[in-house]
Amino acid sequence: MSETTLGVGVRGPESAVRKGTARLDPVALRARFPILGRRVNGHRLVYLDNAATTQKPEAVLDAVERYYRLSNANVHRGVHTLAEEATAAYEACRQQVARFLNAPDRRGVIILRNATEALNLVARSWGARLGPGDEVIATEMEHHSNLVPWIMLARERGVTIRHVPITDGGELDLDAYERLLSPRTRVVAVTAMSNVLGTINPVAAMAASAHRAGAVVVVDGAQSVPHLPVDFTGLGADFLAFSAHKAYGPTGVGFLVGRPELLDEMEPISGGGEMIREVHLDRATWNDIPHRFEAGTPNIADAAAFPAALDLLEELGMEAVRQHEEDLVAYAIDRLRSLPFLRLHGPMEPTRRGALVSFVDPDIHPHDQAQVLDGLGIAVRAGHHCAQPLMRRLGEAATTRASFGIHNDRDDVDALMDGLVTTRRYFGL
Ligand SMILES: Cc1ncc(COP(=O)(O)O)c(C=O)c1O
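It should be emphasised that the depicted structure is a prediction, and the values quoted were computed from it without experimental measurement. (Residues numbered from 1 in each chain as written. Predicted model: local features only at pLDDT ≥ 70, side-chain atom pairs only at ≥ 80, totals over all residues. Heavy atoms only, no water.)

(A) The overall build of the chain, seen in detail. Helix and strand content of the chain: 15 helices and 17 strands. Here the C-alpha atoms of the chain give a radius of gyration of 22 Å, agreeing with the 22 Å that 2.2 N^0.38 yields for 429 residues. Considering only C-alpha atoms, the chain reaches an extent of 70 × 55 × 40 Å along its principal axes. Burial status across the chain gives 58% buried among its 429 residues. For the chain, the proportion of contacts with a sequence separation of at least 24, taken over those separated by at least 6, is 73%. When the accessible surface of the chain is split by element, carbon and sulfur atoms take 50% of a total near 17,100 Å². (Helix = DSSP H or I, 4+ residues; strand = E, 2+ residues; numbered from the N terminus. Rg over C-alpha atoms; globule rule 2.2 N^0.38 Å. Buried < 20%, exposed > 50% of the residue type's maximum accessible area, 1.4 Å probe, protein only. Contact = heavy atoms within 4.5 Å. Areas by Shrake-Rupley, 256 points an atom, 1.4 Å probe, with all protein chains shown as cover.)

Structure below.
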């Protein structure tokens, strides 16, 4: 399928994630998300802001409550029953993330607060070995989370950052990427899917080139993990970051998946409880991975609840999720192109993009457009989407972004289209 050729969704036959037996039925799925039953400003809620955060299914809400009602205790510290249950639930999350992404070892799954924290951990800890003369390659389409940590590293350690430009079609210029690679390249930091353009990047091929140059590959999986089949081992990535809250899980939990042999060599960036082996007044030694990077009491309840979200995605099967969302984005592009005044960004070929669309009506500011749409119960995002360099490249101050999930269907796209026409009427256009 398309992601495979693009090097994003290479999933080995040994993958434990089931292909999914049930046909993906967005209307039936909506019933599993309590919030989607509510009305907003007198209308059915049409939630099209999944790239910012997804809504939570009942099973996730129940899991959070069940944890606090029945098993609340601190992890890894007690021998009493509740402590053991809490630890088991927390560790089950790690195990399931490793399985979901076909990571080689659960020790390589670090449980953090979000993708941002995961990317900062790599930049600060792995980046500590870099200095003047070393280069980091990022891309023009990165979210600030995969730009600013490298900028901070450049400031602190004199590292040079280079950027892969994008083409006018909203894809990475891969020839330019190959030219940027050199023996000085130590890190390639790339998003697997753009949160503005939707572009799916050929991460596996880019990783192979990066490794030939001797660099490590840091993949921002914040948008790809919830929407595409992602195989950490098949990708050839060294590190991959993502957030639970964009994958139908709770806020406050994110992951760094890394190759254990690299993590083993890395220094912690936060000190405190849990991350040590032995402490003296003047010195300390570090715990093994993954605990070395998990100082202090973690967000146990939300980590314990995330497997309920992964269960849902596994029940559907990520291939089915992708197929559904690819069909939906194809329909959305088709319909949006029928409004000739709209500037639509990103690749027009649905197989090359994820399930989101960014566009600008030249006569209406995206914030005004989003506000009128909200009055119709349609939730979209307007702004720079934490990608200011990309917006500059696109020549836009802001765009309106509609991003889809498993519970969206063509009716939602039609509602958006009607909303865009209503917005123009509202402004007398
Ligand atoms: C591509 C991408 N990377 C990183 C992030 C950061 O995610 P979080 O805020 O959960 O850390 C986002 C969030 O919008 C994103 O879209």
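Back to the write-up after that little detour.
(B) Focus on the environment of Gly214. You can see Gly214 is positioned in the loop between helix 8 (203–212) and strand 8 (216–220). A relative accessible area of 55% places Gly214 in the exposed class. C-alpha separation for the pair Gly214 and Arg186, spaced 28 residues apart in sequence, amounts to 6.7 Å.

(C) Just the side chain of Ser71, in detail. Tracing the backbone shows Ser71 in helix 3 (residues 58–71). Ser71 sits in the buried class, given a relative accessible area of 14%. Of the polar contacts made by the side chain of Ser71, one reaches the side chain of Glu85; its length is 2.8 Å. Contacts of Ser71, omitting those with residues within four sequence positions, involve Arg66, Leu82, Glu85 and Ala86. (Polar contact = N/O pair within 3.5 Å; in protein donor to acceptor, adjacent residues only side chain to side chain.)

(D) Representation of the layout of surface pockets within the structure. Considered as a void within the structure, the largest pocket measures approximately 350 Å³ in volume. Around the largest pocket sit 22 residues that line it, and Ile111, Leu112, Glu117, Phe293 and Ala295 are the ones nearest its centre. When contributions to the lining of the largest pocket are tallied by element, the ones reaching two or more residues are strand 4 (109–112) and helix 5 (115–125). Looking at the lining of the largest pocket, its residues break down into eleven nonpolar, six polar and five charged. Looking at the second largest pocket, its volume works out to about 290 Å³. Lining the second largest pocket are 23 residues, and of these Ala51, His143, Ser145, Gln223 and Lys246 sit closest to its centre. Here the element with the most residues in the lining of the second largest pocket is helix 5; it accounts for three residues. Per-class residue counts for the lining of the second largest pocket are eight nonpolar, eleven polar and four charged. (1 Å grid on protein atoms, 1.4 Å probe; cavity = no way out; pocket = protein on both sides within 12 Å on 5 of 7 lines; lining within 4 Å. Points joined across faces, edges and corners; volume = space filled by probe spheres on them. Nonpolar A, V, L, I, M, F, W, Y, C, P; charged D, E, K, R; others polar.)

(E) How the structure looks around unusual backbone geometry. Between Ile289 and Pro290 the backbone carries a cis peptide bond, its omega angle lying at 5°. The topology assignment puts Pro290 in the loop between strand 12 (284–286) and helix 11 (300–316). Not every positive phi belongs to a glycine, and His76 is a case in point at roughly 60°. Within the secondary structure, His76 sits in the loop between helix 3 and helix 4 (81–100). Using a relative accessible area of 28% as the deciding quantity, one classes His76 as partly exposed. The phi torsion at Tyr248 lies on the positive side, around 70°, for a residue other than glycine. Tracing the backbone shows Tyr248 in the loop between strand 9 (239–243) and strand 10 (254–258). By relative accessible area, Tyr248 is classed as buried at 0%.

(F) Summary view of helix 6 (residues 148–157). Along helix 6, the residues classified as buried are Pro149, Trp150, Leu153 and Ala154. End-on, the buried residues of helix 6 take up no more than an arc of 145°, which puts them together on one face. Projecting away from the buried face of helix 6 at angles above 90 degrees are the exposed residues Arg155 and Glu156. Structurally, helix 6 contributes buried residues whose contacts are with helix 5, strand 5 (135–139), strand 6 (160–164), strand 7 (185–191) and strand 8. A positive phi of about 70° marks Gly158, the residue just after helix 6. (Arc of directions from axis to C-beta.)

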